[in-house]
Amino acid sequence: MARAKATRSISPSPATPLNNPVITMPDNSSVSQAKKSTSVGNSSQLDLNGEIRNRAYELYEERGCTPGHEYEDWLTAEREVLARRNRQQSA
C-alpha cells in the first residue's frame, strides 16, 4: 500500500515574511563601475545588434508588414550585416 506524503508547513520568520521579501540596492560606486565596463566592452556588439535590428525591420517593411517571419528576417539581416562588415574589414 502506498503511503501518503506528509504536507509540510512553512512558517515565515518574523524578520522576513514570505510575502514581503527584502531587496537591497547596490551602492552607487558599483553601479557606475558596471556601467563603464559594459559600455566600453559591448559598444561594438550593441552597434552590431542595432544594425541587425534595423535591417530586419526593413525586411519586414519590404514584405508589406506581414507578421510571422520575424526569425527569418532576423537571420537574413544578420547574414547581410555580418557579410557587409567582413567585406569592410578585409578591404
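Just above sits the structure.
Residues numbered from 1 in each chain as written. Predicted model: local features only at pLDDT ≥ 70, side-chain atom pairs only at ≥ 80, totals over all residues. Heavy atoms only, no water.

A few points about helix α2 (residues 43–62)
Point 1. Here α2 contains 20 residues, and its C-alpha end-to-end distance of 29 Å stays within 8% of the 28 Å for a straight helix at 1.5 Å per residue.
Point 2. The set of residues buried in α2 consists of L48, G50, I52, R55, A56 and L59.
Point 3. In this structure, the buried side of α2 is in contact with α3 (70–90). (Helix = DSSP H or I, 4+ residues; strand = E, 2+ residues; numbered from the N terminus. Expected span 1.5 Å × (residues − 1). Buried < 20%, exposed > 50% of the residue type's maximum accessible area, 1.4 Å probe, protein only. Contact = heavy atoms within 4.5 Å.)

So, the packing of aromatic side chains
Point 1. On inspection of all chains with the given rule, the structure shows 1 aromatic pair.
Point 2. Residues Y57 and Y60 carry aromatic rings whose centres are separated by 5.6 Å and whose planes lie at 40 degrees to one another, so their mutual orientation is tilted. Of this pair, Y57 and Y60 both sit in helix α2, 3 residues apart, which is roughly one turn of that helix.
Point 3. Owing to a relative accessible area of 48%, Y57 belongs among the partly exposed residues under this scheme.
Point 4. A residue is classified by how much of its surface remains accessible, and Y60, at 26% relative accessible area, is partly exposed. (Phe/Tyr/Trp six-rings, centres within 6.5 Å; stacked < 30°, edge-to-face > 60°.)

Some points on the packing of α2 against α3
Point 1. Where α2 meets α3, the axes come as close as 8 Å, and the angle between the chain directions of the two elements is 125 degrees. By the angle class used here, α2 and α3 are oblique. Of the two elements, α2 crosses α3, and the hand of that crossing is right-handed. Taking contact as the criterion, the partners of S44, D47, L48, N49, E51, I52, R53, R55, A56, L59 and Y60 in α2 are, on α3, D73, W74, T76, A77, E78, E80, V81, L82, R84 and R85.
Point 2. The residue inventory of the contact of α2 with α3, partitioned by class, reads 9 nonpolar, 3 polar and 9 charged. (Axes fitted to C-alpha atoms, helices over the stretch in contact; angles between N-to-C directions. Parallel < 35°, antiparallel > 145°, perpendicular 65-115°, else oblique. Left-handed = near helix turned anticlockwise from the far one by under 90°. Nonpolar A, V, L, I, M, F, W, Y, C, P; charged D, E, K, R; others polar.)

Here we look at the pattern of salt bridges
Point 1. With the rule as written, the count across this model stands at 6 salt bridges.
Point 2. Across the pair E51 and R84 runs a salt bridge whose closest N-O atoms are separated by 3.2 Å. Taken together, the residues E51 in helix α2 and R84 in helix α3 connect sequence positions 33 residues apart.
Point 3. We classify E51 as partly exposed; its relative accessible area is 27%.
Point 4. Residues R55 and E80 are paired through a salt bridge, measuring 2.5 Å at the closest nitrogen-oxygen approach. (Salt bridge = Lys/Arg side-chain N within 4 Å of Asp/Glu carboxyl O.)

Structural measurements only, silent on function.
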